[in-house]
Amino acid sequence: MDQAFLKKLEYLHVVARKVFAGRMRAERRSRKTGAGVEFADHRDYAPGDDLRYLDWSVYGRMDRLLLRLFEQEEDLYIYFLLDASASMSAKLGYATQVAAALAYIGLANLDRVSILTFADGLRDRLPAARGKGQIFKVLDFLRGLEPSGETSLQAALTGFVHQTSRRGLAVVLSDFYDPAGYEDALNLLRYHRFEPSIIQVIDPREARPGLRGDVELFDVESGEVREVTLSPRLCQEFAAAHEAYCEQLSGFCAARGIGYFRAETATPFEDLVLRIFRSGGFLR
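Predicted model only: the values in this text are computed from it and were never measured.

K.L.:
It is not clear to me how the packing of helix α7 (residues 183-191) against helix α9 (residues 232-255) should be interpreted in this structure. Could you clarify?
P.N.:
Think of two packed helices as two axes; the pair is described by the angle between the axes and how far apart they sit. Here α7 crosses α9 at 25°, and the two axes come no closer than 12 Å. When the interaxial angle is binned, α7 and α9 end up roughly parallel. Note that α7 runs across α9; the crossing there is right-handed. When α7 is examined against α9, the residues Glu183, Leu186 and Asn187 are found in contact with a partner set consisting of Leu249, Phe252 and Cys253. Looking at the contact of α7 with α9, its residues break down into 4 nonpolar, 1 polar and 1 charged.

Okay, here's the thing in structure tokens:
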């Protein structure tokens, strides 16, 4: 991740800012009221209230003392949950580039950005920070990642929701190769009032294998070894099954209002990030 990479990040930030011009503020606005920037409602004056917020125009028309209330804006918290299990070995470099780009855009927009890694549970966490200058901490954090261990989305996301008190966007970057499935884990995020978005990272060589003949397949997570004969027909069936799995995940997300993006490692990461933001980003 060199100077050229940082220039790409700045370019992506500029494009994302144009896409969301005038919209980011509205998406973040909370329904809390106080001394904010946009009028929300009135309430009756009570002794001790700040007289600066009395609406004298209403008093002149209706002879009632009403207090003006305003909507407050809150920091948007974005959590990037990055799968660093053994099955991500060939994909982790790509996933870290995507995470770094999205994190930079969030930091530059003064969102609170945190990055967490997981495998069979939560591993490391970069505490929430904001401001473009924090990207160097993000890059240092991502640079040292080593894929290992089995995948357990349920254990990882259970740990996340129980250790994270501040709600926000939860962006999960993973291949979702978890034998136990993903449904309960993603529903857990929704139940605990996080807003999940999914980036499924796929290596085309895994999805559509080009090997033929007698081969020995080794599961990098479980250690299971299996000898198979890969014929063209068997490879086609595998590719179809893999595609069906991806469509199932996509459909699950669509039915529940969860953002879903498929990320093939053959696609330049900057093209993927632009597609994410041009389709609405993580703000729905």
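From this point, the discussion proceeds with the structure in view.
K.L.:
I keep staring at the pattern of salt bridges and nothing clicks. Help me out?
P.N.:
Opposite charge on two side chains permits pairing when their charged atoms draw close. Evaluated as defined, the whole model comprises 12 salt bridges. Here Lys8 ties to Glu270 by a salt bridge, and the two come within 3.4 Å at their closest N and O atoms. Of this pair, Lys8 sits in helix α1 (residues 3-19) while Glu270 sits in helix α10 (residues 269-278), placing them 262 residues apart in sequence. Of the residues examined, Glu270 reaches a relative accessible area of 19% and is grouped as buried. Note that Asp175 is salt-bridged to Lys91, the shortest N-O span being 3.3 Å. Of this pair, Asp175 sits in the loop between β7 (169-174) and α7 while Lys91 is found in the loop between β4 (77-83) and α4 (92-108), placing the two residues 84 residues apart along the sequence. Sharing partners across several salt bridges, the network here consists of Lys91, Asp175 and Glu206.

K.L.:
Would you mind going over the pairing of strand β10 (residues 225-230) with me for this structure?
P.N.:
Side-chain positions along a regular strand alternate between the two faces of the sheet. Relative to β10, strand β9 (residues 213-218) runs antiparallel, the two being bridged by 6 bridges. Looking across to β10, one finds that Val215 is bridged to Val228. In this antiparallel pair of consecutive strands, β9 and β10, the connection spans 6 residues, and Gly223 shows a positive phi of 85°.

K.L.:
Any chance you could explain α7 here in plain terms?
P.N.:
The periodicity of an α-helix, 3.6 residues per turn, causes residues three or four places apart in sequence to face the same way. Within the sequence span of α7, burial applies to Ala185, Leu186, Leu188 and Leu189. When α7 is viewed along its axis, its buried side chains cluster within an angular range of 145° and face the same direction. For α7, the exposed residues lying more than 90 degrees away from the buried face are Asp184 and Tyr191. Structurally, α7 contributes buried residues whose contacts are with α6 (153-163), β7, β8 (195-202) and α9. In the stretch just after α7, Arg193 is the one whose phi turns positive, near 65°.

K.L.:
Would you take a moment to explain the pairing of β7 for this structure?
P.N.:
Within β7, 6 of the 6 residues are buried, which leaves the element mostly enclosed by the surrounding structure. Of the two faces of β7, the one carrying Leu169, Val171 and Leu173 and the one carrying Ala170, Val172 and Ser174 are both buried. Looking at chain direction, β4 and β7 are connected through 5 bridges and run parallel. Its bridge partner being in β7, Ile78 is matched across the sheet by Leu169. By the bridge criterion, 6 bridges tie β7 to β8 in an arrangement that is parallel. In the sheet register, Leu169 faces β8, and the bridge partner there is Glu195. Assessed by its sense of winding, the connection that carries the chain from β7 through α7 to β8 is right-handed.

K.L.:
Explain the side chain of Asp55 here, please?
P.N.:
Position of Asp55 relative to the elements: it lies in the loop between β2 (38-44) and α3 (56-62). On the basis of relative accessibility, which here comes to 11%, the residue Asp55 falls in the buried class. Within the structure, Asp55 has its side chain in polar contact with the side chain of Ser57 (distance 2.5 Å). Asp55 has contacts with His42, Leu66 and Arg68, leaving out every residue within four places of it along the chain.

K.L.:
Before we go on, may I ask you to explain the nonpolar core in this structure?
P.N.:
Soluble globular proteins: nonpolar side chains tend toward being buried together. Counting 45 residues, the largest nonpolar core has Phe80, Ile199 and Phe269 as its most contacted members. Ranked by residues supplied to this core, first place goes to α4 with 12 residues. With residues near it in sequence (within four places) discarded, Phe80 still touches Leu102, Ala103, Val113, Ser114, Ile115, Leu116, Val171 and Leu173. The next biggest cluster of nonpolar side chains, apart from the first, holds 28 residues, and it includes Tyr79, Phe118, Leu157 and Ala207.

Rules and cut-offs
- All residue numbers refer to positions counted from 1 along the written sequence of the respective chain.
- Reporting of local features is limited, given that this is a predicted model, to residues whose pLDDT is at least 70; pairs of side-chain atoms are given and counted only at 80 or more, and all residues count toward the totals for whole chains, interfaces and linings.
- Working from all heavy atoms in the structure, the side-chain values ignore hydrogens and water.
- Between N-to-C directions, angles span 0 to 180 degrees; the directions come from axes that are lines fitted to C-alpha atoms, helices contributing only their stretch in contact.
- Strands here mean DSSP runs of E at least two residues long; helices mean DSSP runs of H or I at least four residues long; both are numbered from the N terminus.
- Here roughly perpendicular refers to angles of 65 to 115 degrees, roughly parallel to angles under 35, roughly antiparallel to angles over 145, and oblique to all remaining angles.
- For a crossing to be left-handed, the near helix must be turned anticlockwise from the far one by less than a right angle; the clockwise case is right-handed.
- By the convention used here, residues are in contact when the closest approach between their heavy atoms is within 4.5 Å.
- Any residue that is not Ala, Val, Leu, Ile, Met, Phe, Trp, Tyr, Cys, Pro, Asp, Glu, Lys or Arg is counted as polar, Gly included; the first ten are nonpolar and the last four charged.
- One side-chain nitrogen of Lys or Arg within 4 Å of one carboxyl oxygen of Asp or Glu is enough to make a salt bridge.
- Relative accessibility under 20% of the residue-type maximum defines a buried residue, over 50% an exposed one, and the middle range a partly exposed one, all with a 1.4 Å probe and only protein chains included.
- Pairs of strands are assigned from DSSP output, requiring at least two bridges between the strands.
- By definition, the arc is the one covered by directions from the helix axis to the C-beta atoms.
- We call a crossover right-handed when, viewed with both strands directed away from the observer, the connection leading from the first strand over the helix to the second proceeds clockwise.
- The term polar contact refers here to a pair of N or O atoms within 3.5 Å; inside protein, the definition further demands a hydrogen-donor-capable atom paired with an acceptor-capable atom, and it admits residues adjacent in sequence only when both atoms are side-chain atoms.
- Only buried Ala, Val, Leu, Ile, Met, Phe, Trp, Tyr and Cys residues count toward a nonpolar core, and they belong to the same one when joined by side-chain atoms within 4.5 Å.

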